[in-house]
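# Survey of secondary and tertiary structure
Spelled out from the first residue to the last, the chains are:
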Amino acid sequence: MRTLFLAGSIWLAMALSVLACAIPLEGQVVQGGLLMGRVAPHTSVTVMGKPVRVSAEGLFLVAFGRDATKPLQLKAGLVNCTLQPRKRTYKITRIDGLPTRKVTPRAPEDLARIRADNAAIREVRRLDTAATDFAGGFQWPVTGRLSGVFGAQRILNGKPRRYHNGVDIAAPAGTPIAASAPGRVVLVRQDMFFAGKTVMLDHGHGLTSVYIHMSAITVKEGQRVKAGGTIGRVGMTGRATGPHLHWGVTLFGKHVDPHLLAGPMKEK
């Protein structure tokens, strides 16, 4: 079994549960995990009874959300699999010193910006293109200290907020940010209320990645980028207490853990 979504032997053990399925799968059956399957071309694939896109080469994607607990029913042709995601224990992260406006916005103009930002992101996450840019796996867009992990419950200025849906990588302001995988730039925003300077890439089949809090953006919407190509620079725009990159990966509306895709971070 190849390990396009795994990096290193410590991750391989966590992926062994997919071997119980007769459908070839690569990845981890775990909360926040992403699987890539491979079937014969033109094979029909469904997840919980709903059809999913299968590429001309027979590739398809399956994801488990942060709180997934129920078994997932996967069918490819006449083959059926039941995938039970492994549960995880998530951290609690406390961040203080944020401007009140960025934690509990009340001004009508701020709320209007937030609604517009969220609508633009939702629109991108509805994309279902035929590209298979995800097939070669993912790399870390920046090397640095992990200052925020996927799934953590966030307490902002003492107030419980939504869980963290990506990873935060602390790095000096101005550090180049690389595309984590090949893709097409589908969103560029210079001033989102919470996210600041933001870029989103489409990798195909509903899989997108997001890069936020940047100090500068060096790509344009519609542009194709290669894995490792520079898309911007680290900053602290939007809601941030220091320079870092927030990197997230989503299959349609389901957030997955980027750390599971890129594997252990290698030192420079």
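Being a predicted model, the structure only gives us computed values, none of them experimental.

This part covers the overall build of the protein. Counting its secondary structure elements, the protein contains four helices and 21 strands. Evaluated residue by residue, the protein yields a buried proportion of 50% over its 268 residues. When contacts within the protein are restricted to residue pairs at least 6 apart in sequence, long-range pairs at least 24 apart make up 66% of them. A total accessible area of about 12,600 Å² is found for the protein, and carbon and sulfur atoms account for 55% of it.

Let us now look at the state of the cysteines. All chains considered together, the criterion is met by one disulfide. Each sulfur of the disulfide joining C21 and C81 lies 1.9 Å from the other. One quick way to see it: the torsion about the S-S bond of C21 and C81 is about 90 degrees, and its sign makes the bridge right-handed. Of this pair, C21 sits in the loop between α1 (9-12) and β1 (25-27) while C81 sits in strand β7 (residues 79-83), placing them 60 residues apart in sequence. By relative accessible area, C81 is classed as buried at 6%.

Turning our eyes to something else, we now look at the packing of aromatic side chains. A full pass over the atoms with the stated rule returns four aromatic pairs. With a centroid separation of 6.3 Å and an interplanar angle of 75 degrees, the aromatic rings of F150 and Y163 are classed as edge-to-face. Of the two residues, F150 is situated in the loop between β9 (145-148) and β10 (153-156) and Y163 in strand β11 (residues 159-163); the sequence distance between them amounts to 13 residues. A single burial state applies to F150 and to Y163, both of which are buried. Summarising the aromatic geometry, the rings of F193 and F194 are spaced 4.9 Å apart at their centres and angled 80 degrees between planes, so their arrangement reads as edge-to-face. Accessibility expressed as a relative area gives 27% for F194, which makes it partly exposed.

This paragraph deals with the sheet that holds strand β6 (residues 72-76). Strands belonging to one sheet form pairs held by backbone hydrogen bonds; the direction of such a pair is parallel or antiparallel. Pairing within the open sheet is antiparallel, and its four strands lie in the order β4-β3-β6-β7. Since the sheet does not close on itself, it has two edges, and those belong to β4 (50-51) and β7, each with one partner. Taken together, the three bridges between strand β3 (residues 45-47) and β6 define a ladder with antiparallel strand orientation. Across the sheet, residue T46 finds its bridge partner in β6, namely K75.

Once that is clear, we can look at the confidence of the model for the protein. Residue-level pLDDT values for the protein average 89, and 90% of them are 70 or greater. Across residues 1-17, confidence stays below pLDDT 50; counting only partners more than four residues off in sequence or on other chains, it has 41 contacts.

A word on the pattern of salt bridges. Tallied over the entire structure, the rule returns seven salt bridges. A salt bridge links R53 to D128, with the shortest nitrogen-to-oxygen separation between them at 2.9 Å. Here the residue R53 occupies a position in the loop between β4 and β5 (59-63), and D128 occupies one in the loop between α3 (108-124) and β9, the gap between them amounting to 75 residues. For R53, a relative accessible area of 33% puts it in the partly exposed group.

Grouped together as the largest cluster of nonpolar side chains are 34 residues, with contacts concentrated most on L34, I177, V199, L207, Y211, I231 and W247. Mapped by element, the contributors of at least two residues to this core are β2 (34-38), β5, β12 (167-170), β14 (183-192), β15 (196-204), β16 (207-214), β20 (244-251) and α4 (258-262). Take this core: its biggest share by element is four residues, from β20. Membership of the second largest hydrophobic core comes to 17 residues, among which are I23, L25, A76 and L83.

Let us look at the sheet that holds strand β17 (residues 216-217). The three strands lie next to each other as β13-β19-β17, forming an open sheet whose pairing is antiparallel. Among the strands making up the open sheet, the edge pair consists of β13 (176-178) and β17. Across three bridges, the pairing between β13 and strand β19 (residues 230-233) is antiparallel. Directly across from P176, in β19, lies its bridge partner R233.

The rules behind these values
Residues numbered from 1 in each chain as written. Predicted model: local features only at pLDDT ≥ 70, side-chain atom pairs only at ≥ 80, totals over all residues. Heavy atoms only, no water. Helix = DSSP H or I, 4+ residues; strand = E, 2+ residues; numbered from the N terminus. Buried < 20%, exposed > 50% of the residue type's maximum accessible area, 1.4 Å probe, protein only. Contact = heavy atoms within 4.5 Å. Areas by Shrake-Rupley, 256 points an atom, 1.4 Å probe, with all protein chains shown as cover. Disulfide = S-S within 2.5 Å. Phe/Tyr/Trp six-rings, centres within 6.5 Å; stacked < 30°, edge-to-face > 60°. Pairing = 2+ DSSP bridges. pLDDT = per-residue confidence, 0-100. Salt bridge = Lys/Arg side-chain N within 4 Å of Asp/Glu carboxyl O. Core = buried A, V, L, I, M, F, W, Y, C linked by side-chain atoms within 4.5 Å.

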